[in-house]
Amino acid sequence: MNLASQSGDAGGNQLLFANFNQDITSLAVGTKSGYKFFSLSSVDKLEQIYECMDTEDVCIVERLFSSSLVAIVSLKAPRKLKVCHFKKGTEICNYSYSNTILAVKLNRQRLIVCLEESLYIHNIRDMKVLHTIRETPPNPSGLCALSISNDNCYLAYPGSATIGEVQVFDTVNLRAANMIPAHDSPLAALAFDASGTKLATASEKGTVIRVFSIPEGQKLFEFRRGVKRCVSICSLAFSMEGLYLSASSNTETVHIFKLETQKEKYVPAEEPTTWGGYLGKVLMASTTYLPSQVTEMFTQGRAFATVRLPFCGHKNICALAVIQKIPRLLVAAADGYLYLYNLDPQEGGECTLMKQHSQS
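Residues numbered from 1 in each chain as written. Predicted model: local features only at pLDDT ≥ 70, side-chain atom pairs only at ≥ 80, totals over all residues. Heavy atoms only, no water.

Participant: Sorry, what's going on with the nonpolar core here?
Facilitator: For soluble globular proteins, the rule of thumb is that nonpolar side chains tend to be buried together. Ranked by internal contacts, the top residues of the largest apolar core, which has 32 residues, are Tyr-35, Leu-81, Ile-101, Val-104 and Leu-111. Breaking this core down by element, the ones donating at least two residues are strand S3 (35–39), strand S5 (58–63), strand S6 (69–74), strand S7 (77–85), strand S9 (103–106) and strand S10 (110–114). Looking at this core, the element that brings in the most residues is S6, giving 5 residues. Apart from residues no more than four positions distant in its own chain, Leu-81 is found in contact with Ala-71, Ile-72, Val-73, Cys-93, Asn-94, Tyr-95, Tyr-97, Ile-101, Val-104, Leu-111, Val-113 and Met-127. Membership of the second largest hydrophobic core comes to 21 residues, among which are Phe-20, Leu-27, Ala-321 and Ala-334. (Core = buried A, V, L, I, M, F, W, Y, C linked by side-chain atoms within 4.5 Å. Buried < 20%, exposed > 50% of the residue type's maximum accessible area, 1.4 Å probe, protein only. Helix = DSSP H or I, 4+ residues; strand = E, 2+ residues; numbered from the N terminus. Contact = heavy atoms within 4.5 Å.)

Here you go:
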């Protein structure tokens with residue numbers, strides 16, 4: 001979550017950037033005075049692992065899993081990437097690019113640098129540039145996603161600035177893998193699951209979230225976030241085992257969807273005993289001849305669980321993690337706080353706020 005592009009700070013705090021590492025074991029925070037890492041091993045306390053005060057205005061800070069490798073970009077030199085060993089306090093290398101760095105993504109094989117109209121693919125072992133994807137459609141928000149899997153090491157980025165096309169690129173074999181026509185409107189969010197075999201997408205309309213198989217691009221799931229209003233989706237995040245998908249936006253609601261097929265949900269058919277049950281049966285039966293838009297609304301999955309945030313309008317990033325053996329939803333927000341909620345994996349419903357920690 002890069003807040004550097006926002007005019008003024010939310011709540012007047014020092015926060016410029018916040019993001020979770022690849023396995024949701026730590027939180028990285030960039031501020032006007034440096035950057036910090038916090039451990040996510042406990043709900044009750046947000047333990048600071050490390051703090052660096054020698055780089056001002058840190059607008060991007062990305063840590064590689066739980067290692068000491070960190071990639072940093074400062075507003076003071078927005079075209080320059082520094083790769084450091086934070087425990088030793090040493091700089092491994094630095095690279096300068098032709099334009100402002102909008103996003104940096106890491107996995108154990110690749111480091112991706114996203115500029116507005118190009119993407120650089122580095123080998124993380126020696127930081128050599130392996131490939132450059134030039135003349136990409138304008139991508140001013142730096143939207144892209146990198147799979148954390150070694151086996152399915154894919155990069156996803158917008159294939160168009162006017163419609164929701166996703167380009168999928170194989171970063172190991174350095175070739176285009178697929179183009180997925182995901183939405184009618186331009187893309188707003190992308191996220192891979194941990195295995196790199198599923199990709200979640202949302203458009204600028206924000207009403208429908210889709211999940212595609214990778215690299216085939218087959219639509220696996222479609223979830224409806226809401227009907228009434230278009231919203232800006234801030235982030236999408238799968239749980240580590242890939243069963244749940246969370247979606248946060250500029251509203252106060254975070255939606256959590258369960259990725260189960262109709263087959264898994266199947267219950268032996270019985271004659272409905274209530275008027276609601278009867279109506280439901282009639283409606284589902286009628287989807288065979290209703291207009292396609294209406295049919296789509298009946299077949300789209302609804303949220304399994306929801307979170308009501310104590311704010312609205314702040315940029316934020318969400319994650320799903322198991323902390324102290326319980327599934328949790330984490331939200332790091334531009335108001336300077338990290339919110340932790342409990343998720344009931346059986347019943348879903350509204351999640352309970354367990355703790356609110358300051359990121360400063």
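Participant: Any chance you could explain the side chain of Ser-246 here in plain terms?
Facilitator: Checked against the element boundaries, Ser-246 lands in strand S22 (residues 244–249). Those residues in contact with Ser-246 that sit more than four places away from it in its chain are Ser-235, Leu-236, Ala-237, His-255, Ile-256, Cys-318, Leu-320 and Leu-329.

Participant: Is there a simple way to explain the packing of aromatic side chains in this structure?
Facilitator: The description of an aromatic ring pair uses the distance of the two centres, along with the angle that the planes make with each other. Scanning the entire structure with this criterion turns up 11 aromatic pairs. On the numbers, 5.8 Å between centres and 10 degrees between planes, the contact of Phe-221 with Phe-223 is stacked. With a relative accessible area of 12%, Phe-221 lands in the buried category. A centroid spacing of 5.7 Å and a plane angle of 35 degrees characterise the contact between Tyr-244 and Phe-304, whose relative ring orientation is tilted. Of the two residues, Tyr-244 is situated in strand S22 and Phe-304 in the loop between helix H3 (292–299) and strand S24 (305–308); the sequence distance between them amounts to 60 residues. With respect to class, Tyr-244 is no different from Phe-304; both count as buried. Taken together, the aromatic side chains of Tyr-35, Phe-37, Tyr-50 and Phe-86 make up a single cluster linked through ring pairs. One Lys or Arg, Arg-63, reaches over the ring of Phe-37 and ends 5.4 Å from the middle of that ring. Above the face of the Phe-65 ring, Arg-108 is positioned so that its terminal group lies 3.6 Å from the ring centre. (Phe/Tyr/Trp six-rings, centres within 6.5 Å; stacked < 30°, edge-to-face > 60°. Lys NZ or Arg CZ within 6 Å of the ring centre and 35° of its normal.)

Participant: What am I meant to see in the pairing of strand S14 (residues 154–158) here?
Facilitator: The side chains of a regular strand alternate between both faces of the sheet. Judged by how many residues are buried, S14 sits mostly within the fold: 5 of 5 residues are covered. Neither face of S14 is exposed, since Tyr-154, Ala-156 and Pro-158 on one face and Leu-155 and Tyr-157 on the opposite face are all buried. As defined by bridge partners, strand S13 (residues 145–146) adjoins S14 across 2 bridges and the pair is classed as antiparallel. Bridged to Ala-145 within S14 is Ala-156. As paired strands, S14 and strand S15 (residues 164–170) are joined by 5 bridges and run antiparallel to one another. Across the sheet, Leu-155 pairs through a bridge with Phe-169, a residue of S15. (Pairing = 2+ DSSP bridges.)

Participant: Explain unusual backbone geometry to me, please; I cannot follow it from the model alone.
Facilitator: At the junction of Ile-214 and Pro-215, the peptide bond is cis and its omega measures out at 10 degrees in the coordinates. With respect to the helices and strands, Pro-215 occurs in the loop between strand S19 (208–213) and strand S20 (219–224). We note that Asp-57 has phi near 50 degrees; this positive angle belongs to a residue other than glycine. By secondary structure assignment, the location of Asp-57 is in the loop between strand S4 (47–52) and S5. Classification of Asp-57 by relative accessible area gives buried; the value is 17%. At Lys-325, a position not held by glycine, the phi torsion is positive, near 70 degrees. Here Lys-325 is to be found in the loop between strand S25 (316–323) and strand S26 (326–333).

Participant: I tried to follow the sheet that holds S24 on my own but got confused; where do I start?
Facilitator: The pairing of strands in a sheet comes from backbone hydrogen bonds and takes either a parallel or an antiparallel form. Pairing is mixed in the open sheet, where 5 strands are placed in the order S21-S22-S23-S24-S28. In this open sheet, the two edge strands, each paired with only one partner strand, are strand S21 (233–238) and strand S28 (349–350). Of the strand pairs in this sheet, strand S23 (residues 253–258) and S24 are connected by 4 bridges, and their pairing is antiparallel. Paired with His-255 across the two strands is Thr-306, which belongs to S24.

Participant: What should I look at first to understand the pairing of strand S27 (residues 337–342) in this one?
Facilitator: Taken together, the 5 bridges between S26 and S27 define a ladder with antiparallel strand orientation. Bridging from a neighbouring strand, Ala-332 pairs with Leu-338 of S27. What sits between S26 and S27 in their antiparallel hairpin is a turn of 3 residues, with Gly-336 showing a positive phi close to 90 degrees. Here S27 runs beside strand S29 (residues 352–358); their pairing, made up of 6 bridges, is antiparallel. Looking at S29, one finds that Tyr-339 is bridged to Gln-356.

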